[in-house]
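# Fold and geometry: a report
Here's the letter readout for the chains.
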Amino acid sequence: MSSFVNKAKVVFVLGGPGAGKGTQCAKIADRFRFTHLSAGELLRAERSRGPYSQYGTMIEQHMREGKIVPVEVTCSLLERAMKSSSGQRLFLIDGFPRNQDNLDGWNRRMSAKVDMQFVLFFDCHEDVCVHRCLKRGHNGGSGGGGGCIGSGRSDDNLATLRKRIQTYNENSMPIIKYFEGAGQVKKIDAAPNVEQVFTQVERTFLASGF
Ligand code: ADP
Ligand code: C5P
Ligand code: MG
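Residues numbered from 1 in each chain as written. Chains lettered and ligands numbered in written order. Predicted model: local features only at pLDDT ≥ 70, side-chain atom pairs only at ≥ 80, totals over all residues. Heavy atoms only, no water.

### Some details on the site of ligand 2
The criterion, for reference: Any residue with at least one heavy atom within 4 Å of a molecule or strand is counted as near it. Any N or O atom pair separated by 3.5 Å or less is treated as a polar contact, with the protein-specific requirement of one donor-capable and one acceptor-capable atom, and with residues adjacent in sequence counted only for side-chain atom pairs. Residue exposure ignores everything except the shown protein chains as possible cover, and the areas themselves are Shrake-Rupley values with a 1.4 Å probe. The helix and strand labels rest on DSSP assignments: H or I over at least four residues marks a helix, E over at least two residues marks a strand, and numbering proceeds from the N terminus. Ten residues, namely Ala, Val, Leu, Ile, Met, Phe, Trp, Tyr, Cys and Pro, are considered nonpolar, four, namely Asp, Glu, Lys and Arg, are considered charged, and the remaining ones, Gly among them, are considered polar.
Close to ligand 2 lie 16 residues; R44, K67, V69, G95 and R98 are nearest. At 3.0 Å, a side-chain N or O of R153 approaches an oxygen atom of ligand 2. About the coverage of ligand 2: the protein hides 96% of its 460 Å² of free accessible area. Those elements that provide at least two residues to the shell around ligand 2 are α2 (39–47) and α3 (56–64). The element contributing the most residues to the shell around ligand 2 is α2, with four residues. Tallied by class, the residues present in the shell around ligand 2 amount to six nonpolar, four polar and six charged.

### Let's talk about the pattern of salt bridges
A side chain of one charge can pair with a side chain of the opposite charge if their charged atoms are brought near each other. For clarity, the cut-off: Salt bridges are identified by distance alone: a Lys or Arg side-chain nitrogen within 4 Å of an Asp or Glu carboxyl oxygen. Partly exposed describes any residue whose relative accessible area lies between the buried limit of under 20% and the exposed limit of over 50%, with all areas from a 1.4 Å probe on protein chains only and scaled to the type maximum.
Applying the stated rule across the entire model yields 18 salt bridges. Residues D156 and R136 are paired through a salt bridge, measuring 2.8 Å at the closest nitrogen-oxygen approach. Residue D156 is located in the loop between α6 (126–135) and α7 (158–181), and its partner R136 is located in the loop between α6 and α7; the two are separated by 20 residues in the primary sequence. You can call D156 buried: its relative accessible area is 12%. Assessed through its relative accessible area of 15%, R136 is described here as buried. Notably, a salt bridge pairs R153 with D156, separated by 3.9 Å at the nearest N-O pair. Among the charged side chains, a salt-bridge network with shared partners connects R136, R153, D155, D156 and R164.

### Regarding unusual backbone geometry
Trans is the prevailing form of peptide bonds, just as negative phi is the prevailing case for residues other than glycine. Cis geometry marks the peptide bond from F96 to P97, where omega comes out at -5°. Following the sequence through the fold, P97 ends up in the loop between β3 (90–94) and α5 (100–109). Despite not being glycine, R33 has its phi angle at roughly 60°, a positive value. If you trace the backbone, R33 turns up in the loop between α1 (21–32) and β2 (35–38). A relative accessible area of 59% means that R33 is categorised as exposed.

### Quick look at α7
Inclusion rule: Multiply 1.5 Å by the residue count of a helix minus one, and that product is the helix's expected span. At every residue, the bend is computed as the angle between two fitted axes, covering the seven residues ending there and the seven beginning there respectively. Every residue pair with non-hydrogen atoms within 4.5 Å of one another is taken to be in contact.
Between its terminal C-alpha atoms α7 stretches 33 Å, which fits the 34 Å expected from 24 residues at 1.5 Å a residue. If you look at α7, its biggest bend is around 40°, right at S172, and the proline P174 turns up within four residues after that. Considered for burial, the residues of α7 that qualify are T160, L161, R164, I165, T167, Y168, S172, M173, I175, I176 and F179. For α7, the elements touching its buried residues are β1 (8–15), α3, α5, β4 (114–123), α6 and β5 (185–189). One or two residues past the end of α7 sits G183, with phi positive at roughly 70°.

### Comments concerning the packing of α1 against helix α8 (residues 194–207)
Quick note on the threshold: Every axis corresponds to a line fitted to the C-alpha atoms, with the helix fit spanning only the stretch in contact, and the corresponding angles, defined between N-to-C directions, vary from 0 to 180 degrees. To sort the angles, those under 35 degrees are grouped as roughly parallel, those over 145 as roughly antiparallel, those from 65 to 115 as roughly perpendicular, and the leftovers as oblique. Working rule for handedness: look at the near helix, and if it is turned counterclockwise from the far one by less than a right angle, call the crossing left-handed; if clockwise, right-handed.
Where α1 meets α8, the closest approach of the two axes is 10 Å, and the angle between their N-to-C directions is 50°. In terms of orientation, α1 lies oblique with respect to α8. Handedness of the crossing formed by α1 with α8: right-handed. On α8, the residues that touch T23, Q24, K27, I28, R31 and F32 of α1 are V194, E195, V197, F198, V201, E202, F205 and L206. Broken down by class, the residue content of the contact of α1 with α8 amounts to eight nonpolar, two polar and four charged.

### So, the state of the cysteines
Definition in use: We call a pair of cysteine sulfur atoms a disulfide when they lie within 2.5 Å.
For the structure shown, the criterion picks out zero disulfides. In this structure C129 is not part of a disulfide, and its nearest cysteine sulfur, from C124, lies 3.9 Å away. Given a relative accessible area of 1%, C129 falls into the buried group. Among the cysteines around C133, which has no disulfide bond, C129 carries the closest sulfur, lying 6.7 Å off.

In structure tokens, the structure reads:
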């Protein structure tokens, strides 16, 4: 057997802030036995180690400004999480690669070690994205984790959301376009309700042999 067949399979999950990546990843993980790794969640966990993390302050500053953290930090967290999910072979990498630095860092460090399957792209109008982020944690949905007190995220406010949308348009969209040019994007209409979006997602994974 070549080592190729033993490589972990990775699906990148991209889309604007609030498009529903985390919500759909939870459902995919449940239905298709993928391990869900959110780059944003890993960065928030690293930040919350407070003084024990040398990166906490830098991560918080980047999040508040809607900026993308240098890939060395994010890719290390992803690699560590993949290694610690022992025996897991299927990974959803949610919210990554978000810019050219993310993509270059991944290619340097990880691309030869895994078998990237496709990019799952949640296509969503930015007004809908902003509305969902501002409601996150208020509607009992997943992906927020704050009950009725809001998401508790320091970046789910209008001022930061404007910056996140700008970063998405200027830095993330070119990455999605790059993968599109390589024929690697599976585009999902993220505007309908959660179940209707998942119907499209499910069809996509089944058609890809999962
Ligand atoms: P992302 O991970 O892309 O930022 P989330 O999955 O956290 O997005 O979703 C953002 C907010 O929108 C959450 O409160 C979630 O419950 C809600 N949400 C997710 N998908 C939908 C949908 N299809 N329709 C309406 N609300 C949604
Ligand atoms: O994906 P999520 O909405 O959780 O990301 C929140 C923030 O985490 C981003 O706005 C960004 O500041 C940071 N992030 C990052 N690099 C990534 C993913 C998230 O810097 N690849
Ligand atoms: Mg998310």
